[in-house]
Number of protein chains: 2
Amino acid sequence: MAYNQPTPEVIEKLKSIAPGRVYTGADIKEDYGHDEMPVVEKQYLPAVVVEVLTTEEVSAICKLCYENDIPIVPRGAGTGLSGGCVATLGGVIIDTTKMNKILGYDLPNFVVRVQPGVLVNDLAEDAAAHGVAYPPEPGEKFATVGGNVATNAGGMKAVKYGCTRDYVRAMTVVLPDGQVMKFGAEVAKTSTGYNLVHLMIGSEGTLGIITELSLKVVSPMSKTASFLALFPNLESCIECASKIRLAGLAPQSIEYMDRYTVTSIEKYMDKVSYPAEVDGEPIGAYLLVAFDTATEEEMDTIMENAAETFVDNGAMDVMVYDTPESIRTVWSVRANAMESISANHPVSDECDIVLPIPEMPAYIKYANELGKEMNLGVRNCGHAGDGNVHVNTYPLDADCDLAKFMADSDEFLKKLYDYATEHGGQMSGEHGIGYAKAPYLVQTLGPDVIALMRRIKLAFDPKGLLNPGKVLPLE
Amino acid sequence: MAYNQPTPEVIEKLKSIAPGRVYTGADIKEDYGHDEMPVVEKQYLPAVVVEVLTTEEVSAICKLCYENDIPIVPRGAGTGLSGGCVATLGGVIIDTTKMNKILGYDLPNFVVRVQPGVLVNDLAEDAAAHGVAYPPEPGEKFATVGGNVATNAGGMKAVKYGCTRDYVRAMTVVLPDGQVMKFGAEVAKTSTGYNLVHLMIGSEGTLGIITELSLKVVSPMSKTASFLALFPNLESCIECASKIRLAGLAPQSIEYMDRYTVTSIEKYMDKVSYPAEVDGEPIGAYLLVAFDTATEEEMDTIMENAAETFVDNGAMDVMVYDTPESIRTVWSVRANAMESISANHPVSDECDIVLPIPEMPAYIKYANELGKEMNLGVRNCGHAGDGNVHVNTYPLDADCDLAKFMADSDEFLKKLYDYATEHGGQMSGEHGIGYAKAPYLVQTLGPDVIALMRRIKLAFDPKGLLNPGKVLPLE
């Protein structure tokens, strides 16, 4: 496929489609050249950015680009971690951040209708004001809902509430040639033909551009409490995480951190929050668990049962937090996990492999040992309830050359992805593939599945113009 | 596409692939000519039935059929309601019912691995014996799990536990040309390329043949209790159903029945189980609600809150059932809803439209009035928690000609489907499309979405040999 860049004539037509909202050359902000991927070798600026307001504008822009073989890249808040919204081949970025209206609620049907540029945080607050909850809460709260759907974003509550996928009922989609389609309906379940909604979710803007979403909301929980359970090692910690769930306790969040991670974060925060030992025995790993319930009585029941279940399943001790202030403090350690890495290591790389839960400890050990062997710094934390491990790596030598680190990191990640594949895991639990991880996808899924995915891509986008090189690498 | 039938040479090759398990001519049981669709104009027997035991056999059969342009129809227990597993063009039926092994559990990972021919009922019992639960419980418990995945089967517990879709993590799939692929992984969440698992779910055997499944299990609930809430009319009954859920009470099942349905069922059962009036005021509709919890204490809390919430939201009265015997009795009325129709009306037709929940009462009224207008019998019941209404229609005249009834029913269904489309609904909540409903799918989704679905079908099945004419009508 030969891609064109917008000509002056095309740019004039774009300006007539979206008057006052078309940017070129020096008027394009530097931010469009990247997302929040920690390691960036190169900035990729588009030829044109168009801030869109309506489905009709998106359709007209796509039609124009399609007729002229110009790459199209949809983009939300740009908070992704795999380069999914970056214009690696130039062309036109369709910026949906100004399509940020919450269009309305149908509460007896548990649905809220939104434009894709609404921020997840704004939606969560607005839903709460309407007496319901929109549970998906990815680490990055200033992402757009459209971006969350495009990557099937997860977050800490996924263990109880599922990922973004579980909240999408219907969507308006513009295909690369400008066709506008409605996928799904505002219904609770459906067996009505191929499920195009689910195919779109997690397709990272490579199949169509989402311009409206109907999302499920749920009844809110009013009570929360948290536990910090202390373990001699990571194995017993992860094992207990499954036991808690098998006991029917249904935690909202269940996060693990090893002792090294906690000390690193506490050093960054300049504050010691977690105990280091129990009766002289060193703590190896922490399980941070939140519960939420609709009533005080239900919470009382859970709190009684949970503490016992932790201790019965290997916890050296367990601490309870049931005031807003104490809950905030105990979670602030986990909340600073990523920042404490980026603050100390301006150059780093990350992956978010997801594994069968019992495979987590061995994988983390493998990653730590591989890092030592390769002279790379390694930190990890993640979701003990769903097997999703965030591993960050960074050069131990502060003067390390970027190109050398990227080559090392590439080798490191390749080995981790191979390990994950061999142990029943997948590359990404919630961050997606983008362009940065696309070559590894071929390695992990194999040529036959990739060929099938390419045929599906062609069914939506026969010219390959929509977000080219994302998910599936360029051929 | 010109389809061939198996030649004697092909049949010999099939016999060498599956020795002793290949049936032709008079050896093919009559049952293969249909599923459990209530109205059947015609039997469609295949040329060959092969009972398969392994993925390798399925692959070899597909490869052989693919080379010879022979239609392939995968089939489980044949309990579908839309003709999805019927060989309308002859060819080869691949019968998976002998692939009925439960292969094993990974409890800390909440996964059970099964062959597709396992019966849902057997899986539910086996999971319980392992201390976990497989919640999907469609009305037909002697369906295979593979068939449930193929149609995304729902059932009464869907309001709390979701549909079959929500329990599938990974699958082994044979493509029509014989390629064997693994989709997904035994992980709790994933953002790793296009989600082929979700595309397969509900595709009714038209994209690939599922030969192994990894399914999610959950921690079991030990306590159950049920309520029968009595309402003056259907509108207040459905409205209360949403209020119960908005109050955070999370019912396991929430079924509605109108007075006419209840009297019809009671007549069939020859037993009056439900009250007809409250303090002299006639009851118009019933809400039958089940709750399940992990502990006695949680159930106590719910029972206190639920009774109050019913009465606060329009219930004339509410009755509580908390012993196994009383729960069985109150639910036996709902359980006999379908049988009471088929027993009295050997010829009938059905549809299972799903709507936004608040649209249910008006839709039911429309269906009843349309039936009256067209001189058709109409009965309905369904899932008040998810907008899924089962409407059955039958000739009022016992001597009615089958062809006349089918023409009338066709007109009736067309109007219902149009109504559903106009009111934000979809054709099927849980039964699927099969061949019987395929023409209506074009009417409701429109030519552009159907064309896209056809292109997706081609990505999997370029020769159109796999279950042709199902979901998408023959061109």
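Details of the structure are given in the entry above.
Just so we're clear, the structure is a prediction, and the values are computed from it rather than from any experiment.

Novice: Just checking my understanding: could you explain the overall build of chain A for this structure?
Specialist: The helix and strand inventory of chain A stands at 15 helices and 18 strands. Here the C-alpha radius of gyration of chain A, 23 Å, is about what a compact globule of 475 residues would show, namely 23 Å. Projected onto its principal axes, the C-alpha coordinates of chain A cover approximately 75 × 55 × 40 Å. By residue count, 60% of the 475 residues in chain A fall in the buried class. If you take every contact in chain A between residues at least 6 apart in sequence, the share linking residues at least 24 apart comes to 73%. Summing over all exposed atoms, chain A offers an accessible surface of approximately 17,200 Å²; the carbon and sulfur share of this is 52%. When the 38 basic and 65 acidic side-chain charges of chain A are each reduced to a single mean position, those positions are 6 Å apart.

Novice: Explain the interface of chain A and chain B to me, please; I cannot follow it from the model alone.
Specialist: Often, the extent of an interface is quoted as the loss of accessible area upon association of its parts. Counting from both sides, the interface comprises 82 residues of chain A and, opposite them, 81 residues of chain B. In this assembly, chain A packs against chain B so that about 6,300 Å² is buried in total across both faces, 63% of it on carbon and sulfur atoms. When residues of chain A are sorted by the area they lose upon contact with chain B, A:K189, A:S191 and A:Y194 head the list and together hold 15% of the total. Its salt-bridge partner being B:D386, residue A:K189 comes within 3.4 Å of it at the nearest N-O pair. Remark: the boundary between chain A and chain B carries 28 residue pairs in polar contact (both at pLDDT 80 or more).

Novice: Sorry if this is basic, but what is going on with the sheet that holds strand β15 (residues 317-321) of chain B here?
Specialist: Strand pairing in a sheet takes place through backbone hydrogen bonds and is either antiparallel or parallel in direction. Residues and elements named next belong to chain B. On the basis of which strands lie adjacent, the open sheet formed by 7 strands has the order β15-β10-β14-β11-β17-β18-β16 and antiparallel pairing. Strands at the two margins of the open sheet, each flanked by one partner only, are β15 and β16 (349-351). When the angles between neighbouring strand axes are averaged without regard to direction, this sheet yields 20°. Relative to strand β18 (residues 388-395), strand β17 (residues 376-383) runs antiparallel, the two sharing 8 bridges. Across the sheet, the residue bridging to N380 is V391, located in β18. The strands touched by helix α9 (residues 296-312) are β10 (223-231), β14 (285-293) and β15; relative to β10, the strand with the most contacts, the crossing angle is about 5°. Against the sheet, helix α11 (residues 337-344) engages β17 and β18, with an angle of about 165° to β17.

Novice: Explain the packing of helix α15 (residues 447-460) of chain A against helix α15 (residues 447-460) of chain B to me, please; I cannot follow it from the model alone.
Specialist: Close contact between α15(A) and α15(B) brings their axes to 9 Å; oriented N to C, the two are set at 160°. Accordingly, the angle class assigned to the pair α15(A) and α15(B) is roughly antiparallel. Of the two elements, α15(A) crosses α15(B), and the hand of that crossing is right-handed. Contact residues: α15(A) offers A:L452, A:R455, A:I456, A:A459 and A:F460, while α15(B) offers B:L452, B:R455, B:I456, B:A459 and B:F460. Of the residues contributing to the contact of α15(A) with α15(B), the split by class is 8 nonpolar, no polar and 2 charged.

Novice: Teacher, can you tell me more about empty space enclosed by the protein here?
Specialist: Over the atoms, a rolled probe matching the size of one water molecule traces out where space is still vacant. Residues and elements named next belong to chain B. Scanning the model with the defined rule gives 3 cavities of 30 Å³ or more in all. Size it by volume and the largest cavity reaches roughly 40 Å³. S82, E350, C351, D352, Y417, M427, S428, H431, G432 and K437 are the residues that line the largest cavity. Along the lines of polarity and charge, the residues of the lining of the largest cavity split into 3 nonpolar, 4 polar and 3 charged.

Novice: Is there a simple way to explain the environment of B:I28 in this structure?
Specialist: Residues and elements named next belong to chain B. With respect to the element layout, I28 can be found in the loop between β1 (22-24) and β2 (48-51). Given the relative accessible area of 8%, I28 is considered buried. In contact with I28, other than residues within four places in its own chain, are Y23, L45, P46, A47, V48 and V49.

Novice: Looking at this structure, how should I read the relation of the copies chain A and chain B?
Specialist: The transformation that overlays chain A on chain B combines an axial shift of 0.0 Å with a rotation of 180°, and the residual RMSD is 0.0 Å. Read as a symmetry element, the transformation amounts to a two-fold axis. Same-surface contact between copies: 99% of interface residues of chain A are shared with the interface of chain B.

Novice: Can you help me understand the nonpolar core in this one?
Specialist: One broad trend across soluble globular proteins is that nonpolar side chains are buried collectively. A:L287 and B:L287 are the most contacted members of the largest nonpolar core, which totals 188 residues. In this structure A:L287 touches A:F227, A:L228, A:A229, A:F231, A:C237, A:C240, A:A241, A:I254, A:E255, A:Y256, A:F310 and A:A384, once residues within four positions along its chain are discounted.

Novice: For this particular structure, what's the right way to read the pairing of strand β7 (residues 168-174) of chain B?
Specialist: Remember that side chains alternate between the two faces of the sheet whenever the strand is regular. Residues and elements named next belong to chain B. With 7 of 7 residues buried, β7 is to be regarded as a mostly interior element. The pairing of β7 with strand β9 (residues 209-216) spans 6 bridges and is antiparallel. Across the sheet, M171 pairs through a bridge with L213, a residue of β9. Direction of pairing for β7 relative to strand β8 (residues 180-184): antiparallel, over a ladder of 5 bridges. Considered in β8, the bridge of V174 is made with V180. The hairpin turn running from β7 into β8, its antiparallel successor, is 5 residues long, and G178 in that turn takes a positive phi close to 100°.

Novice: Whenever I open this one, the state of the cysteines confuses me. Can you help?
Specialist: Every disulfide links exactly two cysteines, by a covalent bond between their sulfur atoms. Per the counting criterion, the structure on display carries 0 disulfides over all chains. Between A:C240, a cysteine without a disulfide, and A:C237, which holds the nearest cysteine sulfur, the sulfur-to-sulfur distance is 7.5 Å.

Novice: Whenever I open this one, the sheet that holds strand β7 (residues 168-174) of chain A confuses me. Can you help?
Specialist: Residues and elements named next belong to chain A. A sheet is described by the order of its strands in space; here 5 strands give the open sequence β5-β6-β9-β7-β8, paired in antiparallel fashion. Of all the strands in the sheet, the pair left with one neighbour each is β5 (102-106) and β8 (180-184). Put simply, the sheet's adjacent strands are angled 15° from each other on average, direction ignored. With 4 bridges joining them, strand β6 (residues 111-114) and strand β9 (residues 209-216) adopt antiparallel strand pairing. Within β9, the residue paired with V111 across the bridge is K216.

Novice: I tried to follow the packing of aromatic side chains on my own but got confused; where do I start?
Specialist: According to the stated counting rule, one finds 16 aromatic pairs over all chains in the structure shown. Ring geometry for A:Y366 and A:Y419: centres 4.5 Å apart, planes at 20°, overall stacked. Linking A:Y366 in helix α12 (residues 360-373) with A:Y419 in helix α13 (residues 402-422), this pair joins segments that are 53 residues apart in sequence. Residue A:Y366 is classed as partly exposed on the basis of its relative accessible area, which comes to 27%. Its relative accessible area of 10% is what places A:Y419 among the buried residues. Judged by centre distance (5.7 Å) and plane angle (85°), the rings of B:F227 and B:F291 are edge-to-face. Note that B:F227 is positioned in strand β10 and B:F291 in strand β14, a separation of 64 residues in sequence. The exposure class of B:F227 is buried, given its relative accessible area of 0%. Look at B:F291 and you get buried, because its relative accessible area is 0%. It is A:K216 that lies over the ring of A:Y167; its NZ or CZ is 5.2 Å from the centre.

Novice: Sorry if this is basic, but what is going on with unusual backbone geometry here?
Specialist: Generally, phi is negative for residues other than glycine and the peptide bonds are trans, each holding for most cases. Positive phi, normally seen in glycine, also occurs at A:A250, with a value near 45°. Residue A:A250 is classed as partly exposed on the basis of its relative accessible area of 41%.

Novice: What am I meant to see in the pairing of β14(B) here?
Specialist: Residue and element names in this part refer to chain B. Among the 9 residues of β14, 9 are classified as buried, and the element is accordingly described as predominantly covered. A two-sided burial pattern is seen for β14, the buried positions comprising A285, L287, V289, F291 and T293 on one face and Y286, L288, A290 and D292 on the other. With 6 bridges connecting them, strand β11 (residues 253-258) and β14 associate as antiparallel partners. Across the sheet, M257 pairs through a bridge with Y286, a residue of β14.

Novice: Mind showing me how you'd approach the pattern of salt bridges here?
Specialist: Side chains that differ in sign of charge can pair as their charged atoms come close. Under the counting rule described, the total for this entry stands at 38 salt bridges over all chains. A salt bridge links B:K189 to A:E430; the nearest nitrogen and oxygen atoms lie 2.7 Å apart. Here B:K189, found in the loop between β8 and α6 (196-200), pairs with A:E430, found in the loop between α13 and α14 (438-445), and the two come from separate chains. According to the relative accessible area criterion, B:K189 is buried, its value standing at 4%. Classification of A:E430 as buried rests on a relative accessible area of 9%. Between A:R454 and A:E475 there is a salt bridge whose closest N-O contact spans 3.4 Å. Of this pair, A:R454 sits in helix α15 while A:E475 sits in the segment after α15, placing them 21 residues apart in sequence. One network of salt bridges, with partners in common, ties together A:K189, B:D386 and B:E430.

Rules and cut-offs
Residues numbered from 1 in each chain as written. Chains lettered and ligands numbered in written order. Predicted model: local features only at pLDDT ≥ 70, side-chain atom pairs only at ≥ 80, totals over all residues. Heavy atoms only, no water. Helix = DSSP H or I, 4+ residues; strand = E, 2+ residues; numbered from the N terminus. Rg over C-alpha atoms; globule rule 2.2 N^0.38 Å. Buried < 20%, exposed > 50% of the residue type's maximum accessible area, 1.4 Å probe, protein only. Contact = heavy atoms within 4.5 Å. Areas by Shrake-Rupley, 256 points an atom, 1.4 Å probe, with all protein chains shown as cover. Lys, Arg positive; Asp, Glu negative; His and termini not counted. Charge placed at Lys NZ, Arg CZ, Asp CG, Glu CD. Buried area = accessible area lost by both parts, 1.4 Å probe. Salt bridge = Lys/Arg side-chain N within 4 Å of Asp/Glu carboxyl O. Polar contact = N/O pair within 3.5 Å; in protein donor to acceptor, adjacent residues only side chain to side chain. Pairing = 2+ DSSP bridges. Axes fitted to C-alpha atoms, helices over the stretch in contact; angles between N-to-C directions. Parallel < 35°, antiparallel > 145°, perpendicular 65-115°, else oblique. Left-handed = near helix turned anticlockwise from the far one by under 90°. Nonpolar A, V, L, I, M, F, W, Y, C, P; charged D, E, K, R; others polar. 1 Å grid on protein atoms, 1.4 Å probe; cavity = no way out; pocket = protein on both sides within 12 Å on 5 of 7 lines; lining within 4 Å. Points joined across faces, edges and corners; volume = space filled by probe spheres on them. Least-squares fit on C-alpha atoms with pLDDT ≥ 70 in both. Core = buried A, V, L, I, M, F, W, Y, C linked by side-chain atoms within 4.5 Å. Disulfide = S-S within 2.5 Å. Phe/Tyr/Trp six-rings, centres within 6.5 Å; stacked < 30°, edge-to-face > 60°. Lys NZ or Arg CZ within 6 Å of the ring centre and 35° of its normal.

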